[in-house]
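One letter stands for each residue in the lines below.
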Amino acid sequence: MEIELLEKENTPENVIEHCKAVYKKAMEIAANFDNVDKDLIRKGAFLHDIGRSKTHGITHAIEGVKIARKYGYNEDVLKIIERHIGAGITEEESVKLGLPKKSYVPETLEEKIVAHADNLISGSEEVDIDFVIAKWKRNIEDSDDNIERLIKLDNELIKAFEE
């Protein structure tokens, strides 16, 4: 159903492929946890970038929430869409970025899993944490706080389960 919705909203094909790859990675991460809502992760992973049907800027998360709300998705799904950018955006950062002033940092396990799965997919290819850190150092001004949050997410969701 979510794929059909992406298509209905004229989401670019490469973004749909990205969402499928994020879904696959999110399910891989979710397998580490017993107490996770996999249906919620599925919906959030497939819809996290639906706002890219309107814009490729940072406001795609805000646009995505508007679209998903229109189709009756609940707050849990909307929060995944809203909070999936990077390792989250603090209230202070949101002001600098021209977003409505509030915290966009993922809070629930499901929000964290989708956000981090998104970090670990570039296009539709899986990448490692070092690739993401290098990219953020190139593209984000004063990226240290963002990278610190990224590493914390990676430690919580992935490193804790590696032998």
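Below, the structure is looked at part by part. Throughout, residues of each chain are indexed from 1 in the direction in which the sequence is written. Per-residue local features of the predicted model are confined to residues with pLDDT of at least 70, and side-chain atom pairs are confined, for both listing and counting, to 80 or more; whole-chain, interface and lining totals are unaffected and use all residues. Only heavy atoms go into the side-chain values, all of them from the structure, while hydrogens and water stay out.

**As for helix α2 (residues 13-30)**
Because an α-helix completes one turn every 3.6 residues, residues spaced three or four positions apart along the sequence face the same direction. Cut-off, in case you're wondering: To qualify as a helix, a DSSP run of H or I must reach at least 4 residues; to qualify as a strand, a run of E must reach at least 2; elements of each kind are numbered from the N terminus. Expected helix span is given by 1.5 Å per residue-to-residue step, counting one fewer step than there are residues. The buried label goes to any residue with under 20% of its type's maximum accessible area, the exposed label to any with over 50%, and the partly exposed label to all in between, with areas taken from a 1.4 Å probe on protein chains only. Here, residues are in contact when the closest pair of their heavy atoms is within 4.5 Å.
Between its first and last C-alpha atoms α2 spans 25 Å; for 18 residues at 1.5 Å apiece the expected length is 26 Å, and the two agree. Turning to α2, its buried residues number three or more, namely Val15, Ile16, His18, Cys19, Ala21, Val22, Lys25, Ala26, Met27, Ile29 and Ala30. Turning to α2, the residues buried within the fold contact α1 (2-8), α3 (38-47), α7 (109-119), β1 (121-122), β2 (125-126) and α9 (144-157).

**Side note on the packing of α3 against α7**
Quick note on the threshold: To get an axis, a line is fitted to the C-alpha atoms, and for a helix only the part in contact is used. The angle between two axes follows their N-to-C directions and goes from 0 to 180 degrees. In this scheme, roughly parallel covers angles under 35 degrees and roughly antiparallel covers those over 145, while 65 to 115 is roughly perpendicular and the rest are oblique. Each crossing gets its hand from how the near helix is turned against the far one by less than a right angle, where anticlockwise is left-handed and clockwise is right-handed. Charged residues are taken to be Asp, Glu, Lys and Arg, nonpolar residues to be Ala, Val, Leu, Ile, Met, Phe, Trp, Tyr, Cys and Pro, and polar residues to be all remaining types, Gly included.
Following both chains from N to C, one finds α3 and α7 inclined at 40°, their axes separated by 10 Å at the closest point. It follows from the interaxial angle that α3 and α7 lie oblique. The two elements α3 and α7 meet at a crossing, and its hand is right-handed. Of the residues in α7, those in contact with Leu40, Ile41, Gly44 and Ala45 of α3 are Glu110, Ile113 and Val114. Classifying every residue of the contact of α3 with α7 gives five nonpolar, one polar and one charged.

**Quick notes on the environment of Glu93**
With respect to the element layout, Glu93 can be found in helix α6 (residues 91-96). Its relative accessible area of 14% is what places Glu93 among the buried residues. With eleven residues separating them along the chain, Glu93 and Tyr104 place their C-alpha atoms 9.3 Å apart. For Glu93, the contacting residues outside a window of four places in its chain are Gly88, Asp145, Asn146 and Arg149.

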